[in-house]
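Below, each chain spelled out in residue letters.
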Amino acid sequence: MEMKKRISLELRNRTPAEVAELVVDNCRSSDGEIEGLTDEFKELEFLSMVNVGLTSLVMLPSLPKLRKLELSDNNISGSLEILSEKCPNLTYLNLSGNKIKELSTVEALQNLKNLKSLDLFNCEITTLEEYRESIFELLPQITYLDGFDAEDNEAPDSEADDDDDDEDGEEGAGPVGEYDDEDDDEEGSEGKEVGLSYLMKDEIQDEEDDDDYVEEEEEEEGEEEEAEVRGEKRKRDAEDEGEDDDEDDD
């Protein structure tokens, strides 16, 4: 499909000024030039033209809000200076799989002051000696080259995070209440179980307390009986002593 027709289809009844993201991967450009993209796409922030047969960026319109540009797997070998003129706020640029061979070609990106991530993977320039050191020196504003910083730390996959957030937001919006109800039901059932166990525990404790009380009553009754026995014994002893005294008097 031709690029111009593909862009028209991607509008989907919107005006160009309403489009923030545009993906036209794998369509065909005429004579290796950009076509169908105009200055009317003034709100565009993300543009992907992967594998569309581009050889030049000369026809790129002014896109002042563009921050991410995907141009991988084309035949671009130069004209990169147009990017700083037309897309001054670029932060991410993917040129992997193009015909970029010399450091002088990349030097044109120095005026992209906000550029943080540059991808030149599978370009011939990557075979140059001290390629990474040279690029970081040439473009001090970038943090990541081919997905890694100067210390070989991998760049975070911000796009994947955004996709996950979107999926969570869309898929999670409906069932949240259901999950909350289920949680409430589980908490309620747990509360009931806890309440039953608590009551049972109280009943068991009451029974144990009753047993202790019965034992205490039995002990007290036993002590009273022993006291009565001892009292009767002392009484009998006293009577016996009295009788003995009477006999002695006689």
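Because the structure is predicted, anything quoted here is derived from the model rather than measured.

Draft legend 1. Representation of unusual backbone geometry within the structure. The backbone of N26 sits at a positive phi, close to 70°, despite the residue not being glycine. The residue D73 is not glycine, and still its phi comes out positive at about 60°.

Draft legend 2. Inspection of the environment of F41 at higher detail. One can find F41 in the loop between strand 1 (21–23) and strand 2 (46–48). Judged by its relative accessible area of 2%, F41 is buried. Along the sequence, F41 and L66 sit 25 residues apart, while their C-alpha atoms lie 9.6 Å from each other. Other than its neighbours up to four places away in sequence, F41 contacts I7, L11, P16, V19, L22, G36 and L63.

Draft legend 3. Fine view of the sheet that holds strand 4 (residues 92–94). Taken in spatial order, the six strands line up as 1-2-3-4-5-6 in an open sheet, and their pairing is parallel. The outermost strands of the open sheet, each flanked by one partner alone, are strand 1 and strand 6 (144–145). Where strand 2 lies against strand 3 (residues 68–70), three bridges are found, and the strand directions are parallel. Looking across to strand 3, one finds that F46 is bridged to K68.

Conventions and cut-offs
Residues numbered from 1 in each chain as written. Predicted model: local features only at pLDDT ≥ 70, side-chain atom pairs only at ≥ 80, totals over all residues. Heavy atoms only, no water. Helix = DSSP H or I, 4+ residues; strand = E, 2+ residues; numbered from the N terminus. Buried < 20%, exposed > 50% of the residue type's maximum accessible area, 1.4 Å probe, protein only. Contact = heavy atoms within 4.5 Å. Pairing = 2+ DSSP bridges.

Shape is all these values report; function is a separate question.
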